[in-house]
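Close look at the chain arrangement
Below, each chain spelled out in residue letters.
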Amino acid sequence: DQQVKQNSPSLSVQEGRISILNCDYTNSMFDYFLWYKKYPAEGPTFLISISSIKDKNEDGRFTVFLNKSAKHLSLHIVPSQPGDSAVYFCAASRRTGGGADGLTFGKGTHLIIQP
Amino acid sequence: GAGVSQSPRYKVAKRGQDVALRCDPISGHVSLFWYQQALGQGPEFLTYFQNEAQLDKSGLPSDRFFAERPEGSVSTLKIQRTQQEDSAVYLCASSLALGGTETQYFGPGTRLLVL
């Protein structure tokens, strides 16, 4: 049973346009969410995170939106650039309770930026 | 560099062989995580260390998998009697503070192929 779901295996976006990557989760105990970017033969690189007490976090071209009632988050990239072509992973964890939880990842979405 | 390093980057093993994978976390990082990433999947949590203490090993798939971090720095993931289903990328991540409260930084991974 997948607790973090990325239902789009791939997404193609034209350079300069907005890229929107979606993620759904089922475990209501998750209270911290992260997006990682991965290039081939490299480890995941942290992009941006959001705590469940917020509904939006912005960092430069990247914005993450969280809808707790829908258990849904999305990553917006504006404007999209060729270097953004990579696999994007959504991840979730439980920060409260002092637990030592590893991250729970989705399967990833391969973003392709078309010139 | 100052990032997480892993060695070897690639390992080919014959079925039944024992392997040892090494992780050097970022200096001063208290927490260390191991993940397994199968082809086309997101990383899956294996085990977690806080300094030298292994606080969570719930993700280890069988008793053939063993991890240690004896001095609270370098960690080794050992797989005994490797099987074909162990073929995956093994990722190590470290974070500055406790458990899931801080961003995890990943190494490049070790790609294990069991023949």
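Structure first, text after, so check above.
First, a word on scope: everything that follows refers to the structure included in this document. (Residues numbered from 1 in each chain as written. Chains lettered and ligands numbered in written order. Predicted model: local features only at pLDDT ≥ 70, side-chain atom pairs only at ≥ 80, totals over all residues. Heavy atoms only, no water.)

Looking at the pairing of strand 9 (residues 88-95) of chain B
All names here are of chain B. With respect to burial, strand 9 is a largely interior element, eight of its eight residues being buried. Burial along strand 9 is two-sided: A88, Y90, C92 and S94 facing one way and V89, L91, A93 and S95 facing the other are all buried. Sheet topology places strand 4 (residues 31-37) next to strand 9; seven bridges connect them, and they run antiparallel. Bridge pairing in strand 9 places S31 opposite S95. For strand 9 and strand 11 (residues 110-114), the ladder comprises three bridges, and the chain directions are antiparallel. Residue pairing across strands places A88 opposite L112, the latter belonging to strand 11. For strand 9 and strand 10 (residues 105-106), the ladder comprises two bridges, and the chain directions are antiparallel. (Buried < 20%, exposed > 50% of the residue type's maximum accessible area, 1.4 Å probe, protein only. Helix = DSSP H or I, 4+ residues; strand = E, 2+ residues; numbered from the N terminus. Pairing = 2+ DSSP bridges.)

Here we look at the sheet that holds strand 7 (residues 65-68) of chain B
Residues and elements named next belong to chain B. Pairing within the open sheet is antiparallel, and its four strands lie in the order 1-3-8-7. If you trace the sheet from one side to the other, it starts and ends with strand 1 (5-7) and strand 7, each paired once. Mean inter-strand twist for the sheet, computed between neighbouring axes without regard to direction, equals 15 degrees. Judged from the four bridges that link them, strand 7 and strand 8 (residues 75-79) form a sheet pairing that is antiparallel. Within strand 8, the position partnered with E68 by the bridge is T76. (Axes fitted to C-alpha atoms, helices over the stretch in contact; angles between N-to-C directions.)

Brief notes about the pairing of strand 9 (residues 86-93) of chain A
Residue and element names in this part refer to chain A. Burial analysis of strand 9 places seven of its eight residues in the buried class, which makes it a mostly covered element. As paired elements, strand 4 (residues 32-38) and strand 9 share seven bridges and run antiparallel to each other. Each residue of the ladder has a partner; that of L34, found in strand 9, is A91. Here two bridges tie strand 9 to strand 10 (residues 104-105), and the two strands are oriented antiparallel to one another. Bridging across to strand 10, A92 finds its partner in T104.

Quick notes on unusual backbone geometry
Backbone torsion omega between V78 of chain A and P79 of chain A reads -10 degrees, so that peptide bond is classified as cis. Summarising the element assignment, P79 of chain A is placed in the loop between strand 8 (72-77) and strand 9. The amide bond that connects S7 of chain B to the next residue, P8 of chain B, takes the cis arrangement and shows omega of -10 degrees. Inspection of the secondary structure assignment puts P8 of chain B in the loop between strand 1 and strand 2 (10-13). We note that A41 of chain A has phi near 65 degrees; this positive angle belongs to a residue other than glycine. Mapping A41 of chain A onto the fold places it in the loop between strand 4 and strand 5 (45-51). Residue class for A41 of chain A comes out partly exposed when judged on its relative accessible area of 42%. The phi torsion at R81 of chain B lies on the positive side, around 45 degrees, for a residue other than glycine.

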